[in-house]
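# Architecture at a glance
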Amino acid sequence: MIYSKITSVGGYLPSNILTNKDLERSLDTSDEWIVTMTGIKERHIIDPNETSSDMAYKATLDAIKTSKKDLKEIDLIIVATTTPDKIFPSTACALQNKLGIGECPAFDIQAVCSGFIYALSIADKFINTGSKKNVLVVGVDAMSKITDYSDRSNAILWGDGAGAVIVSASDKPGIISTHIHSDGKYESLLHVPRTKNLSGKDTIEMQGNQVFKIAVNTLDRIVDETLKANNLKKSDIDWLVPHQANIRILEATAKKLDMSMDRVIVTIDKHGNTSAASIPLALNDGIKSGKIKPGETILMEAFGGGFTWGSALIKY
Ligand code: ACO
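Anyway, here's the lowdown on the structure attached to this text. Computed from a prediction, not measured in an experiment: that's the story for all the values here.

### Re the site of the ligand
Around the ligand, the structure places 23 residues, and the nearest of them are Thr-29, Arg-152, Asn-209, His-243 and Asn-246. The contact in question runs from an oxygen atom of the ligand to an N or O atom on the side chain of Asn-209, over 2.7 Å. For the ligand, an oxygen atom lies 2.6 Å from a polar atom in the side chain of Asn-246. Expressed as a share of its isolated accessible area of 990 Å², the protein-covered part of the ligand is 72%. When residues of the shell around the ligand are traced back to their parent elements, those giving at least two are helix 2 (31-38), helix 6 (152-155), helix 7 (208-229) and helix 8 (247-256). Looking at the shell around the ligand residue by residue, the class counts come to 12 nonpolar, 8 polar and 3 charged.

### Some details on the nonpolar core
Grouped together as the largest cluster of nonpolar side chains are 33 residues, with contacts concentrated most on Ile-6, Leu-120, Val-165, Val-241, Leu-283 and Met-300. When residues are assigned to domains, this core turns out to be shared by domain 1 (3-170) and domain 2 (175-315), each giving three or more. Residues in contact with Met-300, not counting those within four places in the same chain, are Ile-6, Phe-116, Ile-117, Leu-120, Val-241, Ile-279, Leu-283, Gly-310, Ser-311, Ala-312 and Ile-314.

### A word on the pairing of strand 7 (residues 160-170)
Burial analysis of strand 7 places 10 of its 11 residues in the buried class, the great majority of the element. Two elements, strand 1 (residues 3-12) and strand 7, share 9 bridges in a ladder whose sense is antiparallel. Each bridged residue has a counterpart across the sheet, and for Tyr-12 the counterpart in strand 7 is Ala-162. Pairing of strand 6 (residues 134-142) with strand 7, which is carried by 9 bridges, proceeds in the antiparallel orientation. The partner of Ala-142 across the bridge, within strand 7, is Asp-160.

Conventions adopted
- Throughout, a residue's number is its position along its own chain's written sequence, starting from 1.
- Only residues with pLDDT of 70 or above have their local features reported here, since the model is predicted, and side-chain atom pairs are shown and tallied only from 80 upward, although totals for entire chains, interfaces and linings are computed over all residues.
- Where side-chain values are given, they derive from all heavy atoms of the structure, hydrogens and water being excluded.
- Residues are counted as near a molecule or strand when any one of their heavy atoms sits within 4 Å of it.
- Any N or O atom pair separated by 3.5 Å or less is treated as a polar contact, with the protein-specific requirement of one donor-capable and one acceptor-capable atom, and with residues adjacent in sequence counted only for side-chain atom pairs.
- All accessible-area figures derive from a Shrake-Rupley calculation using a 1.4 Å probe, and residue coverage is judged against the displayed protein chains alone.
- Each helix corresponds to a stretch of at least 4 residues labelled H or I by DSSP, and each strand to a stretch of at least 2 residues labelled E; elements are numbered beginning at the N terminus.
- When residues are grouped by polarity, Ala, Val, Leu, Ile, Met, Phe, Trp, Tyr, Cys and Pro land in nonpolar, Asp, Glu, Lys and Arg in charged, and all others, Gly among them, in polar.
- Definition of nonpolar core: a set of buried residues of the types Ala, Val, Leu, Ile, Met, Phe, Trp, Tyr and Cys, connected through side-chain atoms within 4.5 Å.
- Buried, partly exposed and exposed residues are distinguished by accessible area as a fraction of the type maximum, computed with a 1.4 Å probe on protein chains only: under 20%, between the cut-offs, and over 50%, respectively.
- Annotation comment: domain bounds sourced from an automatic or database domain assignment.
- Only heavy atoms matter for contacts: two residues are in contact if any of them lie within 4.5 Å across the pair.
- What makes two strands pair is DSSP finding at least two bridges between them.

Laid out in structure tokens, this is it:
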């Protein structure tokens, strides 16, 4: 059996920071409301001239810095994004060009906030079958480009950034299991209505309250599914690295796992919801801060537009 393992992590956040105080100046909202309802204090916002592939490039260089692998050893690039540079070609191809590592395959995955888990699941399968040895997986989103900053229920939530991991073939399990799902019947609860002929609103519309309730229930089920599939107890999980959507959703999942919040990697206060970037950025934070140690068992989970949801159980 060929296993796959995350061997290196990296991240990038734009330098421009938008605080709750900044939002108070243009919206009928308050720092207190935002922190109480979401846990968010600030978020990073991309420069108007910067693109998703620029952020992905910087996150990849950060991952390569601490990796024993050379960029030339990458034999597949998967980018999870909802905010591609262009309609085509893919952001993965744009990233490949910036990295100067043709001719390996490169493609994008669109599963909104669950995109990184989807991409990791695909990387794992390519490695398990012996088809690829070193896969670059990037989660990147420039959510500010599709956010209406006059809509207070959306403007407060979203942030920009990129997280990258290198997944390599290994003789010991690193990625233990991945689980992905979607249900398109919920499409209109969280979407950007713009169609391919470019008609319709091009910013996020969300029924926040309904999304919240379904997210908590669905994440409960994905935790059960992951533990059951691996015959594990809740206490076998050392760290929860969740998609950073809302601190109250994170707390509900931690409660489900009987886990105290100091075993949960929380970045939402500083990053907001960076969609596909949020899990790899949180993983990067957990590892680089020294909290997550080699050999520990980590549960990553996500929920997002589609709806899509999923989990990955890994040993770091
Ligand atoms: N400041 C002040 N008041 C606000 C703001 C704001 N920024 N936004 C909404 N309100 C008001 C509403 O207008 C409403 O006022 P009303 O009662 O006078 O009509 C009141 O607050 C309650 O509004 P709700 O939308 O019901 O508030 P809710 O408790 O659902 O909180 C929130 C809103 C924080 C967006 C929440 O629904 C949420 O986080 N949902 C999860 C959605 C999410 O995270 N989506 C991201 C993608 S999916 C995922 O990643 C999980």
